[in-house]
Amino acid sequence: MEPPSQQQQHVVVCGGGVIGACTAYFLGKKGVRVTLVEKSAIACAASGKAGGFLALDMCDGSVLRGLARASFGLHQSLAEELDGESYGYRRIHALGLGIEEAKGAPGYLSKGHAKASVPAWVDGPVSGSAKPIGNPKTMAQVHPQLFTQAIFAKAVEKYGVSLVIGKVQEVKLAGNKVTGVVVDGEVIAADTVVVAMGPWSGENSLVSSLTSISGLKAHSIVVRPKQPDAISPYALFLTYRTKEGKVLDPEIYPRPRGEVYVCGMTEEVAVPDDPQQIIPRPEATAMLQRVAGTVSSVLADAEIEVAQACFLPCSEDGVPVIGKIPNVDGAYVATGHSCWGILNAPATGASLAELIVDGVSTTVDLKPFDPLRFCIRASRSR
């Protein structure tokens with residue numbers, strides 16, 4: 001069946017995070033009329049509080065390989081189009097480090113005595129040798145909130161995408177075909193809908209009848225060191241052993257405007273109804289501050305600018321859910337990207353736009369992410 005003409009097609013994208021914003025952008029680029037519905041604000045949840053780390057090849061060896069590699073390239077081209085410097089796009093190095101807390105007060109190496117394998121600002125108790133993970137050819141970063149806002153602003157400015165602030169309550173169907181979306185009691189007519197609401201995607205009955213989407217709570221802080229110029233662009237992936245013997249896996253991302261992002265401390269708790277209700281646990285914030293101060297004397301007295309938490313959207317099989325919802329004409333979903341949402345959003349949006357408009361995705365083969373897999377597994381288990 002031929003796809004509907006671009007002039008006739010109206011797509012409602014549900015969710016103003018990075019996946020929804022990128023989908024709206026690439027749909028608009030293909031000439032489609034797009035309305036994005038968001039409950040609170042663009043990038044108000046995980047897309048505004050993530051680390052923004054981008055990797056060409058860290059997903060190699062998994063089903064994410066093609067998606068990640070395509071998306072890494074799209075981030076480069078988008079940075080050229082959208083002024084990537086304005087949202088913190090840059091190429092970086094990445095290292096894996098072991099850190100072992102001293103039994104007493106933190107001990108820092110004197111200047112000139114830091115390990116040759118780590119940047120000079122990492123003067124804390126490094127155990128063993130640093131492991132190079134990537135270099136500027138394969139690693140990059142963005143400020144995720146600024147990126148999401150930038151790509152959506154371009155979608156509005158250049159392609160006429162519209163924004164509606166309100167709660168998506170229901171997708172209206174006539175038989176098995178989408179006819180609209182109910183937002184705060186009002187119907188927005190549409191012939192296509194994309195559910196891209198992160199961990200809240202499972203609230204939609206079209207998604208929940210197919211599979212479950214959960215949220216993993218992750219904490220982070222943003223600190224401002226007194227000597228920001230001392231921090232070079234190295235992302236650090238830590239194996240961190242506390243003096244009490246607990247092993248953590250926090251990450252540290254310096255950003256080009258001088259702040260440093262520190263994340264970790266995940267936990268499985270219920271996802272609140274409203275993103276504004278997500279608050280960090282004080283003990284997790286304190287631990288991340290302790291990590292930063294142990295890794296580097298430059299970060300020891302850094303001011304905390306933000307202490308925050310968000311929920312990473314997780315699918316039941318750990319693989320993103322991207323594609324057409326089975327047995328419903330005009331219904332699509334894009335969620336479950338977990339910690340790789342910022343990286344994989346551009347290729348997700350571009351591929352989904354191709355699938356909706358052209359009937360087939362050429363940017364990435366979406367078969368590994370097809371929602372139909374849950375129907376096949378259910379039929380096999382009967």
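Here the structure is shown first, and the text comes after it.
Residues numbered from 1 in each chain as written. Predicted model: local features only at pLDDT ≥ 70, side-chain atom pairs only at ≥ 80, totals over all residues. Heavy atoms only, no water.

## Topic: the overall build of the chain
At step 1: The secondary structure content of the chain amounts to nine helices and 20 strands.
At step 2: Principal axes of the C-alpha set define a box for the chain whose edges measure 70 × 45 × 35 Å.
At step 3: Burial statistics for the chain: of 382 residues in total, 54% are counted as buried.
At step 4: In the chain, the proportion of contacts linking residues at least 24 apart, taken out of those at least 6 apart, comes to 73%.
At step 5: For the chain, the exposed area adds up to about 16400 Å²; of that, 51% sits on carbon and sulfur atoms. (Helix = DSSP H or I, 4+ residues; strand = E, 2+ residues; numbered from the N terminus. Buried < 20%, exposed > 50% of the residue type's maximum accessible area, 1.4 Å probe, protein only. Contact = heavy atoms within 4.5 Å. Areas by Shrake-Rupley, 256 points an atom, 1.4 Å probe, with all protein chains shown as cover.)

## Quick notes on the sheet that holds strand 11 (residues 186-189)
At step 1: Here we have three strands laid out as an open sheet, ordered 9-10-11, and antiparallel in their pairing. Strands with a single pairing partner mark the edges of an open sheet, and in this sheet they are strand 9 (168-174) and strand 11. In this sheet, neighbouring strand axes are inclined to one another by 30° on average, regardless of whether the strands run parallel or antiparallel.
At step 2: Inspection of the sheet shows strand 10 (residues 177-183) paired to strand 11 by four bridges, in the antiparallel sense. Bridge pairing links valine 182 to valine 187 in strand 11. (Pairing = 2+ DSSP bridges. Axes fitted to C-alpha atoms, helices over the stretch in contact; angles between N-to-C directions.)

## Digging into the sheet that holds strand 4 (residues 90-91)
At step 1: One open sheet holds the three strands; their spatial order is 3-7-4, and the pairing between them is antiparallel. Strands with a single pairing partner mark the edges of an open sheet, and in this sheet they are strand 3 (53-55) and strand 4.
At step 2: Sheet topology places strand 4 next to strand 7 (residues 139-141); two bridges connect them, and they run antiparallel. Along strand 7, the bridge assignment pairs arginine 90 with glutamine 141.
At step 3: Helix-sheet contacts for helix 3 (residues 65-82) involve strand 3, strand 4 and strand 7, and the interaxial angle to strand 3 is about 120°.

## Observations concerning the packing of aromatic side chains
At step 1: Under the definition given, this model contains eight aromatic pairs.
At step 2: Ring geometry for phenylalanine 53 versus phenylalanine 237: centroids 5.0 Å apart, planes at 70°, classification edge-to-face. With phenylalanine 53 in strand 3 and phenylalanine 237 in strand 14 (residues 234-241), this pair connects stretches of sequence that are 184 residues apart. Each member of the pair phenylalanine 53 and phenylalanine 237 is classed as buried.
At step 3: Each residue in the set Phe53, Phe237, Tyr253, Tyr261 and Trp340 is aromatic and connected to the rest through ring pairs, giving one cluster. (Phe/Tyr/Trp six-rings, centres within 6.5 Å; stacked < 30°, edge-to-face > 60°.)

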